[in-house]
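Below, each chain spelled out in residue letters.
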Amino acid sequence: MTAERRVKFSRMADGDQDDFALLDQHERASAKAVGQRLLATLEMLDDAPSAYRVSRSEHSLQCATRAWFDGADSDWIAAALLHDIGDILAPYNHDEYAAAVLRPYLREQCTWVVRHHGIFQRYYYAHQFGGDREARRKYRDNDYFDDAVAFCERWDQASFDPSFVSLPMDHFRPLVDEVFSREPYAACNILPAVRLPLVDARKAASRRNDAVSAA
Ligand SMILES: [Fe+2]
Ligand SMILES: [Fe+2]
């Protein structure tokens, strides 16, 4: 959105109500494009070199595709698709970065899992370097502990497979638009302390049937 009108101030301290109303109007319009910007950013993850057998964007699509065919809801699928969005900009705290992006829109359960998936993923490799693969146990009393274990086991650690056939990015665009058009921080979306399953067997069967029919 091109700003035809501009604020009058050069120092924020000199702005008036009209200036800040104008800025708010533009920021709200800009926020509507966050979801599509994030998908573009997913593709940019592949600009950085990696020794994995699949690209970072392919890893993300594999995670989201597995979530889709597990019958997961929109929050889980968005979390699976975007959990590594911070990989190349925040390589030492990419989980925090992604959680910060997702927190206003997703259920608290999913944001918590994204925020902590780094330490939960260490279970799969930390021992190779003499590290503590059980470091995640410090969260064992957290209500979302089992969800983070399942997220990593079912979707994250499994999604480095060059033979896996992912759904395309376009498949997830409407879902991403829906998630990022939500009212930020609305209690009806954040749902504190609510746990919903990663897997919905009935929805999973329906999605698999649809995929077979479309093939
Ligand atoms: Fe990650
Ligand atoms: Fe990942």
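The notes below deal with the structure included here.

## Thoughts on the overall build of the protein
Looking only at helices and strands, one finds 10 helices and 0 strands in the protein. Reading the protein from its N end, one meets helices and strands in the order α-α-α-α-α-α-α-α-α-α. By its C-alpha atoms, the protein is 55 × 50 × 40 Å across when sized along the principal axes. The buried share of the protein, taken over its 215 residues, is 31%. For the protein, contacts bridging at least 24 residues in sequence account for 65% of all contacts bridging at least 6.

## Things to note about the packing of helix 4 (residues 74-82) against helix 8 (residues 169-180)
Where helix 4 contacts helix 8, the axes come no closer than 10 Å and their chain directions differ by 110°. For the element pair helix 4 / helix 8, the angle class is roughly perpendicular. Counted together, Ser-74, Ile-77, Ala-78 and Leu-81 of helix 4 and Phe-172, Leu-175, Val-176, Glu-178 and Val-179 of helix 8 form the full contact between these two elements. Its residues assigned to classes, the contact of helix 4 with helix 8 comprises 7 nonpolar, 1 polar and 1 charged.

## Some points on helix 1 (residues 17-31)
Its 15 residues give helix 1 an end-to-end C-alpha distance of 21 Å, which sits within 8% of 21 Å, the value for a rise of 1.5 Å per residue. Little of helix 1 is tucked away, with 0 of its 15 residues classed as buried.

## A short note on unusual backbone geometry
Of note, the phi angle at Tyr-185 is positive, near 65°, even though the residue is not glycine. Residue Tyr-185 is classed as exposed on the basis of its C-beta count, with 10 C-beta atoms lying within 10 Å. Within the chain, Leu-191 stands out as a residue other than glycine whose phi angle is a positive 45°. Examined against the element boundaries, Leu-191 turns out to sit in the loop between helix 9 (187-190) and helix 10 (201-214).

## Observations concerning the packing of helix 2 (residues 34-44) against helix 8
The interhelical angle for the contact between helix 2 and helix 8, taken along N-to-C directions, is 140°, at an axis separation of 8 Å. It follows from the interaxial angle that helix 2 and helix 8 lie oblique. Crossing of helix 2 over helix 8 shows right-handed handedness. Residues Val-34, Gly-35, Leu-38 and Leu-39 of helix 2 lie in contact with helix 8, whose contacting residues are Met-169, Arg-173, Val-176, Asp-177, Val-179 and Phe-180.

Rules used in this analysis
Residues numbered from 1 in each chain as written. Chains lettered and ligands numbered in written order. Predicted model: local features only at pLDDT ≥ 70, side-chain atom pairs only at ≥ 80, totals over all residues. Helix = DSSP H or I, 4+ residues; strand = E, 2+ residues; numbered from the N terminus. Buried ≥ 20, exposed ≤ 12 C-beta atoms within 10 Å, placed from the backbone. Contact = placed C-beta atoms within 7 Å. Axes fitted to C-alpha atoms, helices over the stretch in contact; angles between N-to-C directions. Parallel < 35°, antiparallel > 145°, perpendicular 65-115°, else oblique. Nonpolar A, V, L, I, M, F, W, Y, C, P; charged D, E, K, R; others polar. Expected span 1.5 Å × (residues − 1). Left-handed = near helix turned anticlockwise from the far one by under 90°.

Shape descriptors only; they carry no functional weight alone.
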